Amino acid sequence: MRKYLIIAIDGPAGSGKSSTARALAKKLKLPYIDTGAMYRAITLKAMRQKIALNDTKKLVETARKARIELKGVDPRKQKVYLDGKDVTKAIREPLLTKNVFYVAQEPLIRREMVKKQRAMAKKNGAVMEGRDIGTVVFSNADYKFYFSASDDVRARRRYRELIAEGRQTTLEEVLNDIRRRDKTDLERKAGPLRQAKDAIPIDTSSLTIEETIDMILDIVKR
Ligand code: CDP
Ligand code: CDP
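Overview of the structure. Nothing here was measured: the structure is a model prediction, and the numbers come from that model. (Residues numbered from 1 in each chain as written. Chains lettered and ligands numbered in written order. Predicted model: local features only at pLDDT ≥ 70, side-chain atom pairs only at ≥ 80, totals over all residues. Heavy atoms only, no water.)

A few points about the site of ligand 2
Argument step 1. Taken together, 14 residues sit near ligand 2, with Gly 14, Lys 17, Ser 18, Ser 19 and Leu 207 positioned nearest.
Argument step 2. In this structure, Ser 18 approaches ligand 2 through a main-chain N or O atom, which is 2.8 Å from an oxygen atom.
Argument step 3. Between an oxygen atom of ligand 2 and a side-chain N or O atom of Ser 19, the distance comes to 2.3 Å.
Argument step 4. Protein chains bury 81% of the 530 Å² of accessible surface belonging to ligand 2 in isolation.
Argument step 5. Put simply, the parts of the chain that give the shell around ligand 2 at least two residues each are α1 (17-28) and α7 (151-164).
Argument step 6. Taken together, the residues of the shell around ligand 2 break down into four nonpolar, six polar and four charged. (Near = heavy atom within 4 Å. Polar contact = N/O pair within 3.5 Å; in protein donor to acceptor, adjacent residues only side chain to side chain. Areas by Shrake-Rupley, 256 points an atom, 1.4 Å probe, with all protein chains shown as cover. Helix = DSSP H or I, 4+ residues; strand = E, 2+ residues; numbered from the N terminus. Nonpolar A, V, L, I, M, F, W, Y, C, P; charged D, E, K, R; others polar.)

This is the structure:
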């Protein structure tokens, strides 16, 4: 029997996993684990080392050597460290976002990440979000949620974020990027994006973050 609580949240980009999971972790005093940040950090390392992203062998080697840490007590201010350096901002670059799929589709890299994610949650539990948490990483999680939202809503959310950061883009470009990423997340063989059989589905299209959190808290408190 596990003594710690695991809440798994999966879903596509822009469905609200990260904002909800951070707030939920804070409320429940649980560690927050952003698994996407880990795949992003490896992508960053490979890009900085100018490794050909389709060179599987080199990519796996890079992942094995990468030291990834999630630091900070407040989940909303969590920092991502790669080999001892703060890469919290760098891993959100749009070009990098387009490249994460090379890393995410690699079974050997996923195996390493899953091991690491399990170890991270071993001591104090976690609110963990990603694509394969309820299906692979913690298929025995205490609570599993599968977020969805229409493509249009998700693209609008991301577009607003990018514009607020001062980036130049169009809603159409963001929508295309999201659809492309959905496709690779759904179609890869290792750890694809799937709703676990026992996951509770939540369509966040017309929900605020607060409404989503309340919904989950209602279920967890029961
Ligand atoms: O925040 P956003 O939804 O844009 O993406 P993310 O959660 O940071 O994840 C970035 C990418 O990493 C996703 O598009 C997935 O391809 C990959 N990922 C994954 O394969 N498995 C996970 N558990 C989490 C993310
Ligand atoms: O982690 P994921 O990619 O699933 O989504 P997120 O980063 O939590 O949310 C993407 C953007 O949508 C953020 O700017 C959130 O503030 C916003 N959002 C929203 O407006 N309403 C929701 N119900 C969920 C997220």
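And the narrative resumes.
Remarks on the sheet that holds strand β6 (residues 126-130)
Argument step 1. Spatially, five strands are ordered β2-β6-β1-β7-β8 in an open sheet, and the strand pairing comes out parallel. In this open sheet, the two edge strands, each paired with only one partner strand, are β2 (32-34) and β8 (200-203). Neighbouring strand axes in the sheet, compared pairwise and without regard to direction, differ in orientation by 20° on average.
Argument step 2. Strand direction decides the pairing type here: strand β1 (residues 6-10) and β6, joined by five bridges, are parallel. The partner of Ile 7 across the bridge, within β6, is Val 127. (Pairing = 2+ DSSP bridges. Axes fitted to C-alpha atoms, helices over the stretch in contact; angles between N-to-C directions.)

With respect to a negative patch on the surface
Argument step 1. There is a patch of like negative charges on the surface, built from Glu 210, Glu 211, Asp 214 and Asp 218.
Argument step 2. Take Asp 214: it is sitting in helix α9 (residues 209-221).
Argument step 3. Residue classification places Asp 214 among the partly exposed positions, given a relative accessible area of 44%. (Patch = residues over 30% accessible without salt bridge, like charges linked within 9 Å, V, L, I, M, F, W, Y side chains within 5 Å. Salt bridge = Lys/Arg side-chain N within 4 Å of Asp/Glu carboxyl O. Lys, Arg positive; Asp, Glu negative; His and termini not counted. Charge placed at Lys NZ, Arg CZ, Asp CG, Glu CD. Buried < 20%, exposed > 50% of the residue type's maximum accessible area, 1.4 Å probe, protein only.)

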